[in-house]
Amino acid sequence: MSIYSYTTKIADFQQTKTKNKMDKFLSVVLSVIYGGFLALLPVDVFLDRINYLVYASAADLIMERYALNGVLTVLANEPVWLLLNRLLATFLSPEMIIRLIVFFPASIIAWLLLQHRKGWIGWTLLFLFFPAVIKNHVIHLRQGVAIALFLVGWYSQRKNFRYVLWLVTPFIHASFFFVLMLYVLVKIVKILRMPDEFFILMPLYISFAVGFGLPWLGFRVGARQAFEYNLRGVDISGLGFIFWLLLLIVLLSQGRQFIRRHAFEIVTVTFYLGIYFLGAVSARIYESTLLLVLLSGLDLEKRRRSVFLIMIGGFIFLSYYLRLGDPWLGWGF
C-alpha cells in the first residue's frame, strides 16, 4: 500500500468519525429541544391534565383504593405508573412531575429514532409531530412513558434487558398487554414457518375475539379502562379506516421479504383495522406501535416509499389544518 493510499484511508476514517460525532451531537440537541419544547408548555391547559395532577399528588391513595378489590384489580390498573408518581411525589411538586414525565419520554423517543434513522432526519422529525404520536406527550402522558420504555427495549441489543423493560410496560399502560401478545404471536408464526398469510389473518381473528371479550374482561377485573371507554355503539368516521387500509396495502405490495422483516408492524396495522370500530380503545392500542409502522415505510423501495411518505405527509398536514381553530390544536380547553 502506498503512503498516499494509507494517508487517504486515515483521512477518510477521521472524517467518518467526526461525522458520527456530529450526528450524535445533533441527535441529542434535537431530542432535548423536542422534549424541552413539550415539557415547557403550560401544565393545566390540556385535556386529561387534571387527572395527571391527581396521580402526581395522590397516587398512594389511588393504589390503596384498587388494593381493596384485590391483586388482580391492582395489576389491571397500571401499578408501575402509580409507583412512579408516588416516588416522584416524595421530592417534586405535581406540576414538576408532569413536566419531567413529558420531557424524558419525549426526548428518549426522539433520540432513539434520530440515532437509528440518521439518513432520514427530516422525515423522522415529521413523524415525531404526527398527531397520534405527539399527543402521547401532551394528553396521554402515561402512554408516552410506556412507549419510551418499549422503544428502548426494541433497539437494545441485550435481550434480557429488552424483555424486562417490555414486561414492565403493560403495568404503565395497559395497551401493551395487546402489543406484547401480538409480538409473541408473530414470533410463533415465524418459528413455525407458517405462510405469510398468517400475518394478515391471525390479527384479524384475534381482533374479533378482543372485540367480543374485552368489555367483559375489563369489567370483570375492575380495569378503569372498561369504565372510561365506551366500547360499543361509537360513531366513528370510516375515513381513518380507509387511510390505514390503503397504507397497509402499500406495505404488503413490497413483497415477501419486506413482510417477513416488518411482520410485527404489519400485524399491528391489521389488528388495528380489525378492532377499528370499537372506538377509542382501538386507537390507544395502535398508537403504542405507530412509530414503528411509520419507520417501516422508510424501508420500502423508492416508488412505494414515495407513495407512503406522500400519504403520511398529507395526513399530517390535513390533521393540523382541521385543528387550527380548536384550543391548542384540539388537545386543550
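Residue positions within a chain follow its written sequence, with the count starting from 1. In keeping with the predicted nature of the model, local features appear solely for residues at pLDDT of at least 70, side-chain atom pairs appear and are counted solely at 80 or more, and the whole-chain, interface and lining totals rest on all residues. Each side-chain value is derived from all of the structure's non-hydrogen atoms; neither hydrogens nor water enter the calculation.

Student: Looking at this structure, I do not really get the overall build of the chain. What am I missing?
Tutor: Runs of E in the DSSP output that reach at least two residues are strands. Runs of H or I that reach at least four are helices, and both are numbered from the N terminus. When helices and strands are counted, the chain shows 18 helices and zero strands. Residue contacts are counted whenever heavy atoms from the two residues lie within 4.5 Å of one another. Put simply, of all contacts in the chain between residues at least 6 apart along the chain, 75% involve residues at least 24 apart.

Student: Before we go on, may I ask you to explain the packing of aromatic side chains in this structure?
Tutor: Any pair of aromatic rings gets described here by the distance separating the centres and the angle formed by the planes. Here a Phe, Tyr or Trp ring, Trp counted by its six-membered ring, pairs with any other such ring whose centre lies within 6.5 Å, and the pair is stacked when the planes are under 30 degrees apart, edge-to-face when over 60, and tilted otherwise. Following the criterion strictly, the structure yields 30 aromatic pairs and no others. Ring geometry for Tyr 34 versus Phe 129: centroids 5.4 Å apart, planes at 85°, classification edge-to-face. Here Tyr 34, found in helix 1 (residues 3-39), pairs with Phe 129, found in the loop between helix 6 (121-128) and helix 7 (131-134); they are 95 residues apart in sequence, far enough to count as distant. A relative accessible area of 32% means that Phe 129 is categorised as partly exposed. Centre to centre, the rings of Tyr 272 and Tyr 276 are 5.4 Å apart; their planes meet at 75°, and the pair counts as edge-to-face. Accessible area is worked out with a 1.4 Å probe on protein chains only. A residue is then buried under 20% of its type maximum, exposed over 50%, and partly exposed in between. Relative accessible area serves as the criterion here: at 9%, Tyr 272 is assigned to the buried category. Among the aromatic side chains, those forming a connected cluster through ring pairs are Phe 130, Phe 241, Phe 243, Trp 244, Tyr 272, Tyr 276, Tyr 286 and Phe 315. Both a distance and an angle decide whether a charge sits over a ring: NZ of Lys or CZ of Arg must be within 6 Å of the ring centre and within 35 degrees of the ring normal. The ring of Tyr 66 is capped by Arg 65, whose NZ or CZ atom sits 5.1 Å from the centre of that ring. The cationic tip of Arg 142 hangs over the ring face of Trp 81; the distance from NZ or CZ to the ring centre is 5.9 Å.

Student: So what exactly am I meant to see when it comes to the nonpolar core here?
Tutor: Counting residues in hydrophobic clusters, the biggest one holds 94 residues, and the most contacted among them are Phe 130, Phe 150, Leu 151, Trp 244, Leu 247 and Ile 312. Other than its neighbours up to four places away in sequence, Phe 150 contacts Trp 166, Thr 169, Phe 176, Val 179, Leu 180, Phe 264 and Leu 292. Throughout this description, the term nonpolar core refers to a set of buried Ala, Val, Leu, Ile, Met, Phe, Trp, Tyr and Cys residues connected via side-chain atoms within 4.5 Å.

Student: Hey, could you run me through the layout of surface pockets in this one?
Tutor: To locate leftover empty space, one rolls a probe as large as a water molecule over the atoms. Cavities and pockets are found on a 1 Å grid laid over the protein atoms alone: a cavity is a set of points where a 1.4 Å probe fits but cannot escape, a pocket is an open set with protein on both sides within 12 Å along at least five of seven lines, and a lining residue has an atom within 4 Å of such a point. Grid points are joined across faces, edges and corners, and a volume is the space filled by probe spheres set on the points. Its boundaries defined by the atoms lining it, the largest pocket holds a volume of some 850 Å³. Around the largest pocket, the lining comprises 30 residues; the ones closest to its centre are Gly 240, Trp 244, Tyr 272, Tyr 276 and Phe 315. Any residue that is not Ala, Val, Leu, Ile, Met, Phe, Trp, Tyr, Cys, Pro, Asp, Glu, Lys or Arg is counted as polar, Gly included; the first ten are nonpolar and the last four charged. Here the residues of the lining of the largest pocket are counted per class, giving 17 nonpolar, eight polar and five charged.

Student: Looking at this structure, how should I read the packing of helix 5 (residues 94-116) against helix 6?
Tutor: The geometry of a pair of packed helices is captured by two quantities: the angle between their axes and the separation between those axes. Angles shown run from 0 to 180 degrees and are taken between the N-to-C directions of axes, each axis being a line fitted to C-alpha atoms and, for helices, limited to the stretch in contact. Between helix 5 and helix 6, the least distance of the axes is 10 Å, while the angle of their chain directions is 155°. As far as their axial angle goes, helix 6 and helix 5 are roughly antiparallel. When the axes of helix 5 and helix 6 are compared, the crossing they make is right-handed. Residue-level contacts link Ile 109, Ala 110, Leu 113 and Leu 114 of helix 5 to Ile 121, Thr 124, Leu 125 and Leu 128 of helix 6. Here is the rule for angles: anything less than 35 degrees is roughly parallel, anything more than 145 is roughly antiparallel, 65 through 115 is roughly perpendicular, and the remaining ranges are oblique. Left-handed is the label given to a crossing in which the near helix is rotated counterclockwise from the far helix by less than a right angle, and right-handed is the label when the rotation is clockwise.

Student: Would you mind showing me how to read helix 4 (residues 79-88) here?
Tutor: Residues that lie three or four places apart on an α-helix share one face, since the helix turns once every 3.6 residues. Every buried residue of helix 4 is listed here: Pro 79, Trp 81, Leu 82, Asn 85 and Leu 88. In this structure, the buried residues of helix 4 make contact with helix 2 (49-67), helix 3 (71-75), helix 5 and helix 8 (141-155).

Student: Sorry if this is basic, but what is going on with the pattern of salt bridges here?
Tutor: Should the charged atoms of two oppositely charged side chains come close, the side chains can pair. We count a salt bridge whenever a side-chain nitrogen from Lys or Arg sits within 4 Å of a carboxyl oxygen from Asp or Glu. The final tally for this structure, using the stated rule, is five salt bridges. In this structure, Arg 117 engages Asp 299 in a salt bridge whose closest nitrogen and oxygen atoms are separated by 2.9 Å. Of the two residues, Arg 117 is situated in the loop between helix 5 and helix 6 and Asp 299 in the loop between helix 17 (290-296) and helix 18 (302-323); the sequence distance between them amounts to 182 residues. For Asp 299, a relative accessible area of 22% translates into the label partly exposed.

Student: Would you mind showing me how to read a nonpolar patch on the surface here?
Tutor: Nonpolar side chains collect at one region of the surface, where Leu 239, Ile 242, Leu 245, Leu 246 and Ile 249 lie side by side and expose about 470 Å² of accessible area between them. By relative accessible area, which is 63% here, Leu 239 ends up exposed. The patches reported here contain residues having more than 30% relative accessible area and no salt bridge. Joining distances are 9 Å for like charges and 5 Å for nonpolar side chains (Val, Leu, Ile, Met, Phe, Trp, Tyr). Per-residue accessibility takes into account occlusion by the displayed protein chains alone, with areas from the Shrake-Rupley method and a 1.4 Å probe.

Student: How do you make sense of empty space enclosed by the protein when you look at a structure like this?
Tutor: Under the criterion given, the structure shown has two cavities of 30 Å³ or more. Size it by volume and the largest cavity reaches roughly 50 Å³. As for the largest cavity, its lining consists of Val 179, Leu 182, Thr 268, Phe 271, Tyr 272, Ile 275, Ser 282, Ile 285, Tyr 286 and Thr 289. Of all the elements in the fold, those that place two or more residues in the lining of the largest cavity are helix 10 (175-191), helix 15 (263-275) and helix 16 (280-287). Residue composition of the lining of the largest cavity, grouped by class: seven nonpolar, three polar and no charged. Volume-wise, the second largest cavity comes out at about 40 Å³.

Student: How do you make sense of the environment of Phe 104 when you look at a structure like this?
Tutor: Within the secondary structure, Phe 104 is located in helix 5. Phe 104 sits in the partly exposed class, given a relative accessible area of 45%. Considered as a pair, Phe 104 and Val 32 are 72 residues apart in the sequence and their alpha carbons are 8.7 Å apart.

Student: Explain helix 18 here, please?
Tutor: A helix is expected to span 1.5 Å for every residue after the first. Relative to the 32 Å expected for 22 residues at 1.5 Å per residue, helix 18 spans 32 Å between its end C-alpha atoms, a close match to the ideal helical length. Of all the residues in helix 18, the buried ones are Arg 305, Phe 308, Leu 309, Met 311, Ile 312, Ile 316, Ser 319 and Tyr 320. The arc that holds the buried residues of helix 18, viewed along the axis, is 155°, so those residues lie on one side. The exposed residues of helix 18 that point more than 90 degrees off its buried face are Arg 303, Ile 310, Phe 317, Tyr 321 and Leu 322. Structurally, helix 18 contributes buried residues whose contacts are with helix 6, helix 7, helix 13 (239-252) and helix 17. Identification of polar contacts relies on pairs of N or O atoms within 3.5 Å, with a donor-acceptor requirement for protein atoms, meaning one able to donate a hydrogen and the other able to accept it, and with residues adjacent in sequence counted only if both atoms are side-chain atoms. Near the N-terminus of helix 18, the side chain that reaches the backbone nitrogen of Arg 303, with its oxygen 3.1 Å away, is that of Glu 301. To obtain the arc, one takes the directions from the helix axis to the C-beta atoms.

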